[in-house]
Amino acid sequence: MRISVDFDGVIADASAFKVKLAKKKFDLTLRPEQTTGAFMRRLISNEEYDEFRREVNGIYTLQTKIVPGCKKALGLLMIEGHKIIILTARFAHEQGFAKKFLEVNNIPYNHFLFVAEGKKRTKKEVINKLKIGAMIDDYYDNLTNLSGSGIGIYLFDQPWNRKNKIDKSDIIRVFGWTDVLDRIRALSAEKVELVR
Ligand SMILES: [Mg+2]
């Protein structure tokens with residue numbers, strides 16, 4: 001099965017770093033769930049936030065943390081025959097840093113794709129085109145429009161998405177990479193049953 005995995009918030013977690021940088025640059029004391037663009041833009045100007053984002057998603061990407069269990073789970077999924085497609089909405093100039101992060105941390109994957117690059121291409125279009133069987137993302141709005149498509153849709157639990165009440169029966173909140181692994185294994189076992 002092809003599995004689409006988001007980068008920020010699912011593989012790399014910059015929230016602790018953003019908390020530190022926000023304090024240093026703007027003297028803001030934030031909780032991890034307050035480090036989103038939507039929240040921070042209410043406290044600082046758009047220009048300030050854009051620069052903050054450029055730094056976090058730029059050279060500082062290498063200082064962000066790996067989400068616990070990610071490397072092992074991705075490795076196991078690949079051994080079990082799945083294809084891992086990292087799908088990010090990062091801007092073009094930010095992607096190299098994400099790739100570097102994957103490389104220096106030895107994170108296993110098959111392909112790295114992006115949806116931004118000036119075009120209004122959504123994750124949904126890419127997912128449909130590539131015949132993705134499961135999608136993991138920490139941004140609820142990326143998942144809602146895939147509801148009903150028959151694929152496994154997983155919201156990766158993070159402090160900033162806990163306010164999202166899941167209102168679609170086929171979207172499942174997953175708690176960490178062990179949970180992801182269990183869910184994907186169950187989903188592929190179900191598919192094997194169907195073809196028998
Ligand atoms: Mg994300």
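Residues numbered from 1 in each chain as written. Predicted model: local features only at pLDDT ≥ 70, side-chain atom pairs only at ≥ 80, totals over all residues.

**Student:** Residue-level account of the nonpolar core, with values.
**Tutor:** The biggest cluster of nonpolar side chains holds 33 residues, and the ones touching the most others in it are Val5, Ala134, Met135, Ile136, Tyr154 and Val180. Elements supplying a minimum of two residues to this core: β1 (2–5), α3 (46–56), α4 (70–79), β4 (83–88), α5 (92–104), β6 (134–137), β7 (152–156) and α8 (177–195). Apart from residues lying up to four places away in sequence, Ile136 is in contact with Val5, Asp6, Val10, Tyr154, Phe156 and Val180. (Core = buried A, V, L, I, M, F, W, Y, C linked by C-beta atoms within 7 Å. Buried ≥ 20, exposed ≤ 12 C-beta atoms within 10 Å, placed from the backbone. Helix = DSSP H or I, 4+ residues; strand = E, 2+ residues; numbered from the N terminus. Contact = placed C-beta atoms within 7 Å.)

**Student:** Lay out unusual backbone geometry with the relevant residues and their values.
**Tutor:** The general pattern is negative phi for most residues beyond glycine and trans for most peptide bonds. Positive phi is not limited to glycine here, since Asp27 has a value of about 55°. As for its placement among the helices and strands, Asp27 is situated in the loop between α1 (15–26) and α2 (37–40). By C-beta crowding, Asp27 is classed as exposed, having 7 other C-beta atoms within 10 Å. Even without a glycine there, the phi angle at Lys131 is positive, about 55°. With respect to the element layout, Lys131 can be found in the loop between α6 (123–129) and β6.

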